[in-house]
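Listed below are the residues making up each chain.
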Amino acid sequence: MYSMTGYGKAEYLDNGINLTVEIKTVNNRNFDFNAKMPRTFISLEDKIRNTVSEYIKRARIDLFINFKDFRENEQAISVNVEKAVEYYNASKTISEKLGLANDCSVSMLMKFPDVIEDNSVLDATELEEIIINTVKGACEKLNAMRKIEGEKLVKDLLSKMDDISSTASQIKERAPLVAQEYKEKLQKRIEEALKDIKYDETRLLNEVAFFTDKVNIDEELTRLNSHINQFREIVKIDGMGKKLDFLMQEFNRETNTICSKSNDIEITRLALILKNEIEMVREQVQNLE
């Protein structure tokens, strides 16, 4: 199981090329990819995105690419002398026809289209393999960090699941006593009210039976224990964070029902503890991929 939070960095330094890829991730319900890179590499953005998606299933991902080219390129800038001559001749013609001084200068000629040609514009496909491999290297380091963090989270989550199981067991032990205590309290109130008058015990038992059915939480506790077992199995599988998030909603649903059915101070107290334990797990689950 991987944490959604992590950082990775990889570099390529060879043959005059200095390429650095950094990637960081934080919690997100979906795969949210954001890249900052030189404009030259924009054509490779989809391939970079697809490469990252092989390593990360969901998270907010920020990827940064820095690039420097120290390779010697003697013809990085070239001059189209023929084009410059054409512009200069045109300036002489205008000067003679209009009787104006010819103020055409070298700096002016350099600004005209096609006189100076920049041959240093990089073709991204030339470096595609280097870029993709460096991105993979950053993702591998990111995942190594996310794996360590994820294992720590899982260990803590399983410990918290033991706490939830323990609290659920306390509720289960307490639940059968609620009906008995209700019967004793009701019987005592009736006897105090009627004193020596004989009352219909059948009606008392019917009232107790009705109450017992109303506050019965056996089904909720059974489902809660089933959810606990499911959690312990699912947390062992990579990429199941979203499923665990949904499962925690079921934990909350069962606990809320226990609270609403409870007519006992002790069970209510335990159920509130249970809700707090579940909320802590839910918050941590949202950091699992």
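Going along each chain's sequence as written, the residues are numbered from 1 onward. It should be noted that, the model being predicted, local features are given only for residues of pLDDT at least 70 and side-chain atom pairs only at 80 or more, the latter also being counted only at that level, while totals for whole chains, interfaces and linings use all residues. Excluding hydrogens and water, the side-chain figures rest on all heavy atoms present in the structure.

Caption draft 1: Molecular detail of the overall build of the chain. A run of H or I in DSSP counts as a helix once it spans at least four residues, and a run of E counts as a strand once it spans at least two, with each numbered from the N terminus. Tallying secondary structure elements over the chain gives 8 helices and 6 strands in all. When the helices and strands of the chain are listed from N to C terminus, the series reads β-β-β-α-β-β-α-α-β-α-α-α-α-α. Out of the 289 residues in the chain, the part that is buried amounts to 36%. By definition in these notes, contact holds between two residues if any of their heavy atoms fall within 4.5 Å. Considering only residue pairs separated by 6 or more positions, the chain has 79% of its internal contacts joining residues 24 or more positions apart. The buried label applies to any residue whose accessible area, calculated with a 1.4 Å probe on protein chains only, is under 20% of its type's maximum; exposed applies above 50%, and partly exposed to all values in between.

Caption draft 2: The side chain of Asn-143, seen in detail. Along the chain, the position of Asn-143 falls in helix α4 (residues 128-194). Those residues in contact with Asn-143 that sit more than four places away from it in its chain are Tyr-2, Tyr-55 and Ile-56.

Caption draft 3: Quick look at helix α7 (residues 241-261). One less than the residue count of a helix, multiplied by 1.5 Å, gives the span that helix is expected to have. With 21 residues, α7 extends 31 Å from end C-alpha to end C-alpha; this agrees with the ideal 30 Å at 1.5 Å per step. Along α7, the positions that sit buried rather than exposed are Gly-241, Leu-244, Asp-245, Leu-247, Met-248, Phe-251, Asn-252, Glu-254, Thr-255 and Ile-258.

Caption draft 4: Spotlight on the pairing of strand β2 (residues 17-26). Of the strand pairs in this sheet, strand β1 (residues 6-14) and β2 are connected by 9 bridges, and their pairing is antiparallel. Pairing of Gly-8 across the sheet is with Ile-23, part of β2. The rule for pairing is simple: two strands pair if DSSP sees at least two bridges between them.

Caption draft 5: The nonpolar core, seen in detail. Residues Ile-164, Phe-231, Leu-244, Phe-251 and Val-281 are the most contacted members of the largest nonpolar core, which totals 29 residues. Counting residues per element, the ones that place at least two in this core are α4, α6 (218-234), α7 and α8 (265-285). Of all the elements, α4 adds the most residues to this core, at 8 residues. If we skip the residues at most four places from it in the chain, Leu-244 touches Met-1, Phe-231, Ile-234, Val-235, Val-285 and Leu-288. Side-chain atoms within 4.5 Å link the members of a nonpolar core, which is a set of buried Ala, Val, Leu, Ile, Met, Phe, Trp, Tyr and Cys residues.

Caption draft 6: Looking closely at the packing of aromatic side chains. Pairing of aromatic side chains requires ring centres within 6.5 Å, counting the rings of Phe and Tyr and the six-membered ring of Trp. Pairs whose planes differ by under 30 degrees are stacked, by over 60 edge-to-face, and all others tilted. Tallied over the full model, the rule gives 4 aromatic pairs. For the pair Phe-31 and Phe-33, a centre-to-centre distance of 6.3 Å together with 5 degrees between the ring planes defines the contact as stacked. Its relative accessible area of 22% is what places Phe-31 among the partly exposed residues. We classify Phe-33 as buried; its relative accessible area is 9%. With centroids separated by 5.3 Å and ring planes inclined at 70 degrees, the aromatic side chains of Phe-41 and Phe-67 adopt a geometry described as edge-to-face. One end of the pair, Phe-41, is in the loop between β3 (31-36) and α1 (45-53); the other, Phe-67, is in strand β4 (residues 59-69), with 26 residues separating them in the sequence. By relative accessible area, Phe-41 is classed as buried at 0%.

Caption draft 7: Structural view of the packing of α7 against α8. Where helices are involved, their axes are fitted lines through C-alpha atoms of the stretch in contact, as for all axes, and angles between N-to-C directions lie from 0 to 180°. Interaxial distance between α7 and α8 falls to 10 Å at its minimum, and their mutual angle equals 170 degrees. When the axis of α7 is compared with that of α8, the two are roughly antiparallel. Crossing hand, α7 versus α8: left-handed. The segment α7 lies against α8, with Gly-241, Leu-244, Asp-245, Met-248, Phe-251, Asn-252, Thr-255, Asn-256, Ile-258 and Cys-259 engaging Ile-267, Ala-271, Leu-274, Lys-275, Ile-278, Val-281, Arg-282 and Val-285. To sort the angles, those under 35 degrees are grouped as roughly parallel, those over 145 as roughly antiparallel, those from 65 to 115 as roughly perpendicular, and the leftovers as oblique. Handedness of a helix crossing follows the sense of rotation of the near helix relative to the far helix, less than a right angle counterclockwise being left-handed and clockwise being right-handed.

Caption draft 8: The pattern of salt bridges, seen in detail. In the sections that follow, a salt bridge refers to a side-chain nitrogen of Lys or Arg positioned within 4 Å of a carboxyl oxygen of Asp or Glu. Scanning the entire structure with this criterion turns up 16 salt bridges. Notably, a salt bridge pairs Lys-160 with Asp-156, separated by 2.8 Å at the nearest N-O pair. Note that Lys-160 and Asp-156 are positioned in helix α4 at a spacing of 4 residues, about one turn of the helix. In this structure, Arg-223 engages Glu-220 in a salt bridge whose closest nitrogen and oxygen atoms are separated by 3.7 Å. Linking Arg-223 with Glu-220, this pair stays in helix α6, spanning 3 residues, or about one helical turn. Look at Arg-223 and you get partly exposed, because its relative accessible area is 35%. Glu-220 gets classed as buried once you look at its relative accessible area, which sits at 5%. Overlapping salt bridges, with partners in common, bring together Glu-219, Glu-220, Arg-223 and Glu-254 in one network.

Caption draft 9: Fine view of the confidence of the model for the chain. On a range of 0 to 100, pLDDT expresses the predictor's confidence in each residue. Taken over all residues, the pLDDT of the chain has a mean of 85, while the share at 70 or more is 82%. Considering each helix and strand of the chain separately, the mean pLDDT is smallest for helix α5 (residues 201-215), with a value of 60, and largest for α1, with 96.

Caption draft 10: Inspection of unusual backbone geometry at higher detail. Phi angles above zero are rare outside glycine, and Asn-15 is one such case at about 50 degrees. With respect to the helices and strands, Asn-15 occurs in the loop between β1 and β2. Its relative accessible area of 56% is what places Asn-15 among the exposed residues. Unusually for a residue other than glycine, Asp-114 sits at a positive phi of about 75 degrees. Among the structural elements, Asp-114 can be located in the loop between α3 (106-111) and β6 (116-118). Using a relative accessible area of 47% as the deciding quantity, one classes Asp-114 as partly exposed.

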